[in-house]
Amino acid sequence: MSPLNTLVPSNTQSAPRLTRHYRNLSLILLLCGAWLFWASHFHSLVDLIQEYGRFVFLGITGAIFANSTGAGGGVIFIPVFSNLNFSESQSVATSFMIQCFGMTAGAISWSLHYKKRHLEDAAWSGFVKAALLAAFFSVLGFWSSQLLQLNSPSSLHTSFSIFSIVLGIAIVISSKSSTPITRAIRPVDFLWLALIGYFGGIITAWLSVGVGELVVIYLMLRGLCAKMAVATGVIVSAITVWSASPIHIFSTNSHALFELVLFAGPGAVIGGLLARKLALYLPVKVLKLFFSIWIILTGSAMLAS
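Just so it is clear, the structure is predicted and the values come from calculations on it, not from any experiment. (Residues numbered from 1 in each chain as written. Predicted model: local features only at pLDDT ≥ 70, side-chain atom pairs only at ≥ 80, totals over all residues. Heavy atoms only, no water.)

### Quick notes on the overall build of the protein
Part 1 of the argument: Within the protein one finds 13 helices and 0 strands.
Part 2 of the argument: For the protein, the α and β elements follow one another from N to C terminus as α-α-α-α-α-α-α-α-α-α-α-α-α.
Part 3 of the argument: A buried classification covers 47% of the 305 residues belonging to the protein.
Part 4 of the argument: Counted over contacts in the protein with a minimum sequence separation of 6, partners at least 24 positions apart contribute 83%.
Part 5 of the argument: Carbon and sulfur atoms make up 69% of the accessible area of the protein, which totals about 15,200 Å². (Helix = DSSP H or I, 4+ residues; strand = E, 2+ residues; numbered from the N terminus. Buried < 20%, exposed > 50% of the residue type's maximum accessible area, 1.4 Å probe, protein only. Contact = heavy atoms within 4.5 Å. Areas by Shrake-Rupley, 256 points an atom, 1.4 Å probe, with all protein chains shown as cover.)

Below is the structure:
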């Protein structure tokens, strides 16, 4: 084969890669421009960086855990904000807003992975229907809580601590279940996902976290593909937190700390994009076990404080 012939396929294959490269670069530049425009609305960028810059790492950490295990970022954010003496309303609103960044990035990443690798995979059958159904009822549960003024039965501090411990134990149980895998979602599962979505949405309204974890735990206990379960939980959480945006983001009465979100939000985007790669390279059960230990310890520490 002549040298000329060997070059043609290489050039042909490199063209799509260059197109993707420039498209990704354009997107990064656009996001950076949007961030600078947002930052320009605050007084001093230097002062903001000095005071809130460290929260970039909080956003990255929370989003990695959230999007690689299906657990919402509030599991990380709420204890940190509690330690910083934020009020309950500040903690919840700020957590919701950060998750709008991280969970969205994770949901897009997992959706593209499904479209590219699992569109015809029997283990992922019903994925889209399950995610959209649970998300619909989660949003319904969230707004039921708001409109009917269903308040948490106890303080955010106590509720979150107890919820974390129970959730951690449930994740340990799900992690030790038998190896799943080509089992498909059954009609009865959709009924349970609707119920879990609704009550999970109410819990999420109280704690900024809840529905994603409950969905993942149910799907794993049912013996379904662990990665599909995580992807479903991430998408349900992303839609749920965005449904709260009229209250926690776009409302003039929002209690969110926008200065903190200015840095934690982009960090959450980075974490959300990295999380899927981490979940695919490492066994999800190992991540679940590690994460369950973390949130059990966190919940116990908060309960004891």
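We are not done yet, so read on.
### Observations concerning the nonpolar core
Across soluble globular proteins, nonpolar side chains have a tendency to be buried as a group.
Part 1 of the argument: In terms of nonpolar packing, the biggest core is built from 43 residues, with Phe 81, Ile 98, Leu 260 and Phe 291 touching the most fellow members.
Part 2 of the argument: Breaking this core down by element, the ones donating at least two residues are helix H2 (45-52), helix H3 (55-69), helix H4 (74-83), helix H5 (88-117), helix H7 (156-175), helix H8 (187-207), helix H12 (258-281) and helix H13 (284-304).
Part 3 of the argument: Apart from the residues within four sequence positions on either side, Ile 98 is in contact with Phe 77, Phe 81, Leu 260, Val 261, Ala 264 and Ala 268.
Part 4 of the argument: Listed in part, the 33 residues of the second largest apolar core include Ala 123, Ala 131, Leu 193 and Val 215. (Core = buried A, V, L, I, M, F, W, Y, C linked by side-chain atoms within 4.5 Å.)

### A few points about the packing of aromatic side chains
Part 1 of the argument: Applying the stated criterion across every chain yields a total of 13 aromatic pairs.
Part 2 of the argument: Measuring from centroid to centroid gives 6.3 Å for Trp 38 and Phe 101, while their planes differ by 5°, and the two rings are stacked. Highlighted residues: Trp 38 in helix H1 (residues 3-39) and Phe 101 in helix H5, separated in sequence by 63 residues.
Part 3 of the argument: Here the aromatic rings of Tyr 52 and Phe 55 are separated by 6.2 Å at their centres, their planes lie at 35°, and the arrangement is tilted.
Part 4 of the argument: One aromatic cluster is present, formed by Trp 38, Phe 42 and Phe 101 through successive ring pairs. (Phe/Tyr/Trp six-rings, centres within 6.5 Å; stacked < 30°, edge-to-face > 60°.)

### Comments concerning the packing of H5 against H12
Part 1 of the argument: Running from N to C, H5 and H12 cross one another at 25°; their axes reach a closest spacing of 8 Å. Taken as axis vectors, H5 and H12 run roughly parallel relative to one another. Between H5 and H12 lies a crossing whose hand is right-handed.
Part 2 of the argument: Class assignment of the residues belonging to the contact of H5 with H12 gives a composition of 15 nonpolar, 7 polar and 1 charged. (Axes fitted to C-alpha atoms, helices over the stretch in contact; angles between N-to-C directions. Parallel < 35°, antiparallel > 145°, perpendicular 65-115°, else oblique. Left-handed = near helix turned anticlockwise from the far one by under 90°. Nonpolar A, V, L, I, M, F, W, Y, C, P; charged D, E, K, R; others polar.)

### A few points about the pattern of salt bridges
Part 1 of the argument: Throughout the structure, instances matching the rule amount to 1 salt bridge.
Part 2 of the argument: Between Asp 189 and Arg 222 there is a salt bridge whose closest N-O contact spans 2.6 Å. With a gap of 33 residues between them, Asp 189 in helix H8 and Arg 222 in the loop between helix H9 (211-221) and helix H10 (226-243) connect regions that are remote in the sequence. (Salt bridge = Lys/Arg side-chain N within 4 Å of Asp/Glu carboxyl O.)

### Description of the environment of Ile 217
Part 1 of the argument: If you trace the backbone, Ile 217 turns up in helix H9.
Part 2 of the argument: As for Ile 217 and Val 230, which are separated by 13 residues in sequence, their C-alpha atoms are 9.0 Å apart.

### Here's the deal with H5
Part 1 of the argument: If you check H5, its first and last C-alpha atoms are 41 Å apart, about what 30 residues at 1.5 Å a residue would give, namely 44 Å.
Part 2 of the argument: Of all the bends in H5, the greatest, near 30°, is centred on Gln 99. (Expected span 1.5 Å × (residues − 1). Bend = angle between axes of the 7 residues up to and from the residue.)

### Some remarks on a nonpolar patch on the surface
Part 1 of the argument: Residues Val 188, Leu 191, Trp 192, Leu 195 and Phe 199 make up a contiguous nonpolar surface patch of roughly 510 Å² in combined accessible area.
Part 2 of the argument: Taking the relative accessible area as the measure of exposure, Leu 195 reaches 40% and is therefore partly exposed. (Patch = residues over 30% accessible without salt bridge, like charges linked within 9 Å, V, L, I, M, F, W, Y side chains within 5 Å.)

These results come straight from atomic positions and should not be treated as a statement about function.
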